[in-house]
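Architecture and fold: a report
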Amino acid sequence: MSETASGPVQDDSESAFDVFSRRCPSRETLEHVTGRWGGLTLGALHESGARFNELRRRVDGVSEKMLSQTLHALERDGLVHREAQLANPPRVDYGLTPLGSQVAERLMDLIELVEGRMPEVVEARSRYDATHGA
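Residues numbered from 1 in each chain as written. Predicted model: local features only at pLDDT ≥ 70, side-chain atom pairs only at ≥ 80, totals over all residues. Heavy atoms only, no water.

Along its 12 residues, helix α2 (residues 36-47) runs 18 Å from first to last C-alpha, staying within 8% of the 16 Å computed at 1.5 Å per residue. Every buried residue belonging to α2 is among Trp37, Gly38, Gly39, Thr41, Leu42, Gly43, Ala44 and Leu45, and all of these are buried. (Helix = DSSP H or I, 4+ residues; strand = E, 2+ residues; numbered from the N terminus. Expected span 1.5 Å × (residues − 1). Buried < 20%, exposed > 50% of the residue type's maximum accessible area, 1.4 Å probe, protein only.)

Before going further, it helps to examine the pairing of strand β4 (residues 80-85). As judged from the six bridges shared by β4 and strand β5 (residues 91-96), these two strands associate in the antiparallel manner. In the strand pairing of β5, Ala84 is matched with Val92. Remark: five residues form the turn of the hairpin made by β4 and β5, two consecutive strands paired antiparallel. (Pairing = 2+ DSSP bridges.)

Our focus in this paragraph is the environment of Thr97. Position of Thr97 among the secondary structure elements: in the loop between β5 and α5 (98-116). With a relative accessible area of 17%, Thr97 lands in the buried category. When the C-alpha atoms of Thr97 and Gly78 are compared, they prove to be 6.9 Å apart, with 19 residues separating the residues in sequence. Apart from the residues within four sequence positions on either side, Thr97 is in contact with Gly78, Leu79, Val80 and His81. Of note is the side chain of Thr97, whose polar atom sits 3.0 Å from the backbone nitrogen of Gly100. (Contact = heavy atoms within 4.5 Å. Polar contact = N/O pair within 3.5 Å; in protein donor to acceptor, adjacent residues only side chain to side chain.)

Side chains that differ in charge, positive against negative, can pair when their charged atoms come close. A complete count under the given rule lists five salt bridges for this structure. Between Arg56 and Glu64 there is a salt bridge, with its nearest N and O atoms 2.7 Å apart. Take Arg56: its relative accessible area is 32%, and that puts it in the partly exposed class. Given the relative accessible area of 47%, Glu64 is considered partly exposed. Taking the shortest distance from any N to any O, the salt bridge between Arg91 and Asp93 comes out at 3.1 Å. (Salt bridge = Lys/Arg side-chain N within 4 Å of Asp/Glu carboxyl O.)

Written out as structure tokens, the structure is:
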């Protein structure tokens, strides 16, 4: 990727984006996907679409403000679709776009790996804490 004074410029090569470059826009999307609330929100939507309050209950610990900011960022990145229903009371549904589904699928593989290997992680933490005085 070449750069101008206004920022990165995509060229025609296969690897036009490089997340390791600080100015690459893919870094921001990776942060949205792998951040605590983004990853959990994508994981929750991977199961099925949901309304805002359903998501807030599923993603335990997220505030309304953080969930709203997360959904806006993921929608802007093209990973989440927001659909306002004409109903009384108003209803807004969130779901994954095709790209969001692909990202969430890979994220769920990582989540399942981490959850499945937690006994090893807990043991490693205990060993570390015992030798480092934590």
